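Residues per chain are reported as follows:
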Amino acid sequence: QVHLAESGGGLVQAGGSLRLSCVLSGNLVGLSGMGWYRQTPGKQREQRELVAWAGGRGVTDIADSVKGRFTISRDTAGRTAYLQMNSLKPEDTAIYYCKADARAAAYPSNWDTYWGQGTQVTVSA
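I will try to describe carefully the structure that is included in this document. (Residues numbered from 1 in each chain as written. Predicted model: local features only at pLDDT ≥ 70, side-chain atom pairs only at ≥ 80, totals over all residues. Heavy atoms only, no water.)

**Points about the side chain of glutamate 49**
Step number 1: Along the polypeptide, glutamate 49 turns up in the loop between β4 (28-39) and β5 (51-54).
Step number 2: Dropping the residues within four chain positions of it, glutamate 49 is found in contact with Trp36, Tyr37, Asp61 and Ala63. (Helix = DSSP H or I, 4+ residues; strand = E, 2+ residues; numbered from the N terminus. Contact = heavy atoms within 4.5 Å.)

Below, the structure written as structure tokens:
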């Protein structure tokens, strides 16, 4: 079973920084990419990813709203993705979700999308 777990959220003042982590666990036979999304209060989860990494291409996408402030990285084992968030603004307050596109060993022919449970980030003015 594939599982994603985010952590690192919390309360921070505007201008501050946080680093979120996303740990991917389970028996995989393939991983094509990971990304971060967010859901602001009262709204649905944004359809466009904030930042994403894909295969050997590295970072493939960064939303304009976070460009220059947020960066994605991965550990050497490739199972943990990080979202470094700097110069945080109150409008960045949201639940942040990690997503992975992977093939589970139980279903090696299928690429599936997996989501974590989210971690709350609150930025005070």
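Next, the rest of the story.
**What about the state of the cysteines?**
Step number 1: Taken as a whole and assessed by the stated rule, the structure comprises one disulfide.
Step number 2: Here cysteine 22 connects covalently by a disulfide to cysteine 98, the sulfurs 2.1 Å from one another. Negative torsions about the S-S bond denote left-handed disulfides, and the value of about -80° found for cysteine 22 with cysteine 98 makes this one left-handed. One end of the pair, cysteine 22, is in strand β3 (residues 18-25); the other, cysteine 98, is in strand β9 (residues 94-104), with 76 residues separating them in the sequence. (Disulfide = S-S within 2.5 Å.)

**What to know about the packing of aromatic side chains**
Step number 1: In total, this model carries one aromatic pair according to the counting rule given.
Step number 2: Above the plane of the ring of tyrosine 82 lies arginine 19, whose end atom (NZ or CZ) is 4.1 Å from the centre. (Phe/Tyr/Trp six-rings, centres within 6.5 Å; stacked < 30°, edge-to-face > 60°. Lys NZ or Arg CZ within 6 Å of the ring centre and 35° of its normal.)

**Observations concerning the pattern of salt bridges**
Step number 1: This structure, assessed with the given rule, holds four salt bridges.
Step number 2: Among the salt bridges present, the one from aspartate 64 reaches lysine 67, with a minimum N-O distance of 3.2 Å.
Step number 3: Between lysine 99 and aspartate 101 there is a salt bridge whose closest N-O contact spans 3.5 Å. In this structure, lysine 99 and aspartate 101 share a single accessibility class: buried.
Step number 4: Three or more residues joined by partner-sharing salt bridges are found here, namely Arg38, Arg69 and Asp92. (Salt bridge = Lys/Arg side-chain N within 4 Å of Asp/Glu carboxyl O. Buried < 20%, exposed > 50% of the residue type's maximum accessible area, 1.4 Å probe, protein only.)

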